[in-house]
Amino acid sequence: MTPTLLFVQSLNGLQFGLILFLIAAGLTLVFGVMDFINLAHGVQYMVGAYLMAAFSAWTGNFGWALLLALPSALAVGLLLEALVFRHLYDRDHLDQVLATFGVILFLNQGVKFVWGAAPLNVPAPEWLSGSVELADGLLYPVYRLAIIVAGLAVAALLYVLVNHTRVGMLVRAGASNAPMVSALGVNIRRLFMIVFGFGAMLAGFAGAMVAPILSVEPGMGDNILILAFVVIVIGGIGSIRGAFLAALMVGLVDTVGRSFAPNLLRLFLDPATASQTGRAVAPMLIYIFMAAILFFRPAGLFPAKR
Amino acid sequence: MVEPLLELRHLKKNFGALVVTDDVSLAVEPGELHAIIGPNGAGKTTLIHQISGFLSSASGEVLLGGQDITRLSMHERVRRGLARSFQITSILPGFSALENVALAVQARSGSSFRFFGDASRERGLNELAMDCLEQVGLGDRAFATAGFLSHGEKRQLELAIALATRPRLLLLDEPLAGTGHDDSQRVVETLRALKSRITIVLIEHDMDAVFSLADRVSVLVYGRVIATDTPVAIRANAEVRTAYLGEEV
Amino acid sequence: MTELAQTRSAPALPFGRRFELVPVILFAVFAAGPILASASGAEGYVLSLLTRVMILGLAAMSLDLILGYGALVSFGHAAFLGIGAYAVGILASHGSEDALVQIPVALAASAGFGLVTGAISLRTKGVYFIMITLAFGQMLFFLATSLAAYGGDDGMTLPERSRVAGTALIESDVAFYWASFFCLLVTYALARAVVASRFGRVLRGTRENSVRMEAIGFQPFRYQLAAYVLSGMMAGLAGCLLANQTEFVSPAYMTWQRSGELIFMVVLGGLGTLHGAIIGAAAFLLLEEFLPEILHTLGFMLQEDMRARLVENWKMIFGPLLILIVLFARGGIMGLWRRGHHG
Ligand SMILES: Nc1ncnc2c1ncn2[C@@H]1O[C@H](COP(=O)(O)OP(=O)(O)O)[C@@H](O)[C@H]1O
Ligand SMILES: [Mg+2]
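Residues numbered from 1 in each chain as written. Chains lettered and ligands numbered in written order. Predicted model: local features only at pLDDT ≥ 70, side-chain atom pairs only at ≥ 80, totals over all residues. Heavy atoms only, no water.

Chemist: Can you help me understand the overall build of chain C in this one?
Modeler: Counting secondary structure elements, chain C contains 15 helices and two strands. For 343 residues, the compact-globule estimate of 2.2 N^0.38 gives 20 Å, and chain C sits close to it at 20 Å. Across its three principal axes, chain C shows a C-alpha extent of roughly 60 × 55 × 35 Å. In chain C, which comprises 343 residues, the proportion classed as buried is 60%. Sequence separation of 24 or more characterises 76% of the internal contacts of chain C that already satisfy a separation of 6 or more. (Helix = DSSP H or I, 4+ residues; strand = E, 2+ residues; numbered from the N terminus. Rg over C-alpha atoms; globule rule 2.2 N^0.38 Å. Buried < 20%, exposed > 50% of the residue type's maximum accessible area, 1.4 Å probe, protein only. Contact = heavy atoms within 4.5 Å.)

Chemist: Just checking my understanding: could you explain the overall build of chain A for this structure?
Modeler: When helices and strands are tallied, chain A shows twelve helices and two strands. Its helices and strands taken in sequence order, chain A reads α-α-α-α-β-β-α-α-α-α-α-α-α-α from the N to the C terminus. Here chain A has a C-alpha radius of gyration of 20 Å; the compact-globule value for 306 residues is 19 Å, and the two agree. Its C-alpha atoms give chain A principal-axis dimensions of about 60 × 50 × 35 Å. Among the 306 residues that make up chain A, the fraction classed as buried is 55%. If you take every contact in chain A between residues at least 6 apart in sequence, the share linking residues at least 24 apart comes to 77%. Split by element, the accessible area of chain A, about 12,800 Å² in all, is 68% carbon and sulfur. (Areas by Shrake-Rupley, 256 points an atom, 1.4 Å probe, with all protein chains shown as cover.)

Chemist: I'm lost on the pattern of salt bridges in this one. Help?
Modeler: Any two side chains of opposite charge can pair, given that their charged atoms come close. Tallied over the full model, the rule gives 22 salt bridges over all chains. We note a salt bridge from Glu160 of chain C to Arg163 of chain C, for which the minimum N-O separation is 3.3 Å. Salt bridges here are not isolated pairs; linked through shared partners, they connect Glu7, Arg9 and Glu61 of chain B. (Salt bridge = Lys/Arg side-chain N within 4 Å of Asp/Glu carboxyl O.)

Chemist: How should I be thinking about the site of ligand 1 in this particular structure?
Modeler: Residues and elements named next belong to chain B. Every residue close to ligand 1 is listed here: Phe15, Leu18, Val20, Pro39, Asn40, Gly41, Ala42, Gly43, Lys44, Thr45 and Thr46. Between ligand 1 and the protein, one listed contact pairs an oxygen atom with a backbone N or O atom of Lys44 at 2.8 Å. Here ligand 1 has 560 Å² of accessible area as a free molecule, and 59% of this is covered by the chains. Put simply, the parts of the chain that give the shell around ligand 1 at least two residues each are strand S2 (18-28) and helix H1 (44-52). When residues of the shell around ligand 1 are assigned to their parent elements, the largest contribution, three residues, is made by H1. Considered class by class, the residues forming the shell around ligand 1 number five nonpolar, five polar and one charged. (Near = heavy atom within 4 Å. Polar contact = N/O pair within 3.5 Å; in protein donor to acceptor, adjacent residues only side chain to side chain. Nonpolar A, V, L, I, M, F, W, Y, C, P; charged D, E, K, R; others polar.)

Chemist: Even after reading the chapter, I still don't get the pairing of strand S7 (residues 169-173) of chain B, so can you show me in this structure?
Modeler: Within a regular strand, the side chains alternate between the two sheet faces. All names here are of chain B. Counting buried positions over the five residues of S7 gives five, a clear majority of the element. Taking every second residue as pointing to the same face, both faces of S7 are buried, with Leu169, Leu171 and Asp173 on one and Leu170 and Leu172 on the other. Alignment of strand S6 (residues 82-84) against S7, held across three bridges, turns out to be parallel. Along S7, the bridge assignment pairs Arg84 with Leu171. In the sheet, S7 pairs with strand S8 (residues 199-203) via five bridges, with the strands oriented parallel. (Pairing = 2+ DSSP bridges.)

Chemist: How should the interface of chain A and chain C be read in this particular structure?
Modeler: The accessible area lost on association of the parts is a frequent measure of interface size. Contact with chain A, which involves 44 residues of that partner, is made by 41 residues of chain C. In total, about 4,100 Å² of surface goes out of reach between chain A and chain C, with carbon and sulfur atoms giving 77% of it. At the junction of chain A and chain C, the tally comes to zero salt bridges. Linking chain A with chain C are eight residue pairs in polar contact (both at pLDDT 80 or more), by the criterion used here. For the side of chain A that touches chain C, the secondary-structure elements that each account for two or more residues are helix H4 (93-115), helix H9 (220-235), helix H11 (271-281) and helix H12 (285-296) of chain A. With 15 residues, the single largest contributor to the side of chain A that touches chain C is H4 of chain A. Classifying every residue of the side of chain A that touches chain C gives 31 nonpolar, eight polar and five charged. (Buried area = accessible area lost by both parts, 1.4 Å probe.)

That is the geometry; function is a separate question.
So, in structure tokens, the structure goes:
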């Protein structure tokens, strides 16, 4: 367990956590403001990655592709909202879970239909490829650093939007007391659409950003969706701040846990058992973490609703 | 003096900065019907919530028959003989009226961890439940689905459910609210019949009912008990008249 | 009877009171399964499809016990299927091949898991409950993928079906069919008794108004937990059967998608009727099985390659179909049936 390795893994965890945050932010707002449980949020992330792949193949330029992918992801989100989600807002959570589950089936197959089942690759832009030397002999890929920077920038932007704009104020009010907001004469449908579209675009952005480092394939949104749910539940539903902290925690616990659980266990167990148990425990860590947090705080770390 | 059945000692409750129950001390003697009156927002419902364990208290004590029940949860208090009705009707809407009551009977007779045998056909439970329904004048509606009863009938059903737990102390939160004249007469008669058998704490806005039923009346204003006395004395109390009765009577 | 259709879930009247046609027909069809299968000309295929329907029907029914009667939306129910299946697989790989050992172990393991995770999950409400059950399901899924000794990601093949008291009683597909039928029938009868019992009445009452239940002296948590454990054990039994049918055990039995499918089966059939869940499972599996062929037939005027593409991408139709069912068929298949019968 060298310090260098720990540092690199922490950076990876940070990067993963920020991606999770981009997805979880939209999810927690949609959830908090509309009380709408959207399983299809993960496929928005997948759609973002596919759009990125498509546009990047078409334009041959990372920047243009990103610029085209974002509004397209937004359009897909708004289309889904109008066709499906809108009709589910006043249904119970069970119906919402099921109908959005149907959307997942459709879109997972839909991308196969359009782009085939084989994974796609997206090249990272020239100026972000390669590695930098962070410290003596410590190389780190530039593109991953770029993701960290972009993630932090979006988090900052989100902070400003939520805390210092009128829409942001309505969103915060909506998350703690939605009937109140509509009683104040705010067009709640439009607010929902804005929040929804914005959330879809953030998830799409996350997908577009990871496209060069992951393979773009059907179903890639499914597991990340579950992680995003873990994040918002830990953070407290409806709380952006909670989502941010929880995303970083989950990212770090997962990434660092995977590489160090066997080492840590070696302190208590013989090496063979330790590495086996470690590999078994590592992927479960965040779920244990979540169960532990909910055990002590049944409404998450920063509950937005009273 | 007899030991009070219910005793509140320096009970407090606040919602944030709003103090809703402000140092309430009160003794309800066995067998009496003790009415609590006060303007809207005085904290009457909150007090009932605290006594029944639906809400926890910030400080102070609740004693039932001399035993401290302050820390007990709602269902434990029920098992010690404390039943309540809700100001906002709370029933099982999908169950028949009879089953609503039969469940309350079931709660105090034998284990409910029985996995076999049709509960709805347990004669012992149904007979006692029917008894309670008849006491409140709802016998002929026993098989109606509770959610489809009229508002007045639902209030009567709540009373029957509370009775079925065989309480020593019954807490009633505005049982007459929203009922028509006939229904309300019926509930008053039911209470009159009950008061010889059960100790009752009654919250009610209908002053005719309060003054005809109550043995003693406490007046709650802004979370404080400003007077506790016989109905006659309360009517004559100048402070009460200005604080409360003046605006209504 | 008219008021029954009003509530979304279980009817107000308990079951014992009236004769019910639907479950009788349902089990008659299952009982005729082997005959139907041999008449169909594709005996092995039909028999194995029907066996699968019964096994997943059992799992869906167990979920209905807490979802339909307790309003507990558990999103991790597939975990119990996995526990049952792995109990069979792990014991078999250590030489315990007898169902009389495997099933009790599976039931005990399911009960233990249900007790621990249920006690934690039931502290939370609503969406948090959905998510924490999902998290426990995922935990078990990842645990299974890391069990290198038992196949890890890939799972493991069973050497043969479980033995019963040392004999190869359920080795043939027909015998296994009857074994599954027997399990389903007994569990169904048990579940119906439970639902109508004192315990079941408290559970149903808690679903409708848990504050009211507390105000008459019940502690909802204890009953919900017991129901959760019971339901988990039933699903564990289904897991044992599933492993035996496919003679294969893998983490794929407990993906969160599988949990989602189980919820879907229950809702499709109609919440809070027990047999509705079995019918929902049947409808779901048959749709999944035959939708490609239906599409093939419907696409007769398309060109051959377009037609093939349509069939290949049948899930693109399946997904929207699910959405339409949620949006328009409230009360599920049992709801439609009831409406049809009572105007
Ligand atoms: N859950 C709550 N949160 C905040 N304030 C409350 C809550 N419940 C009651 N209150 C406030 O406490 C005061 C007393 O309410 P309540 O006990 O219902 O009065 P009453 O029954 O005498 O009309 C009111 O001002 C009410 O607005
Ligand atoms: Mg009140």
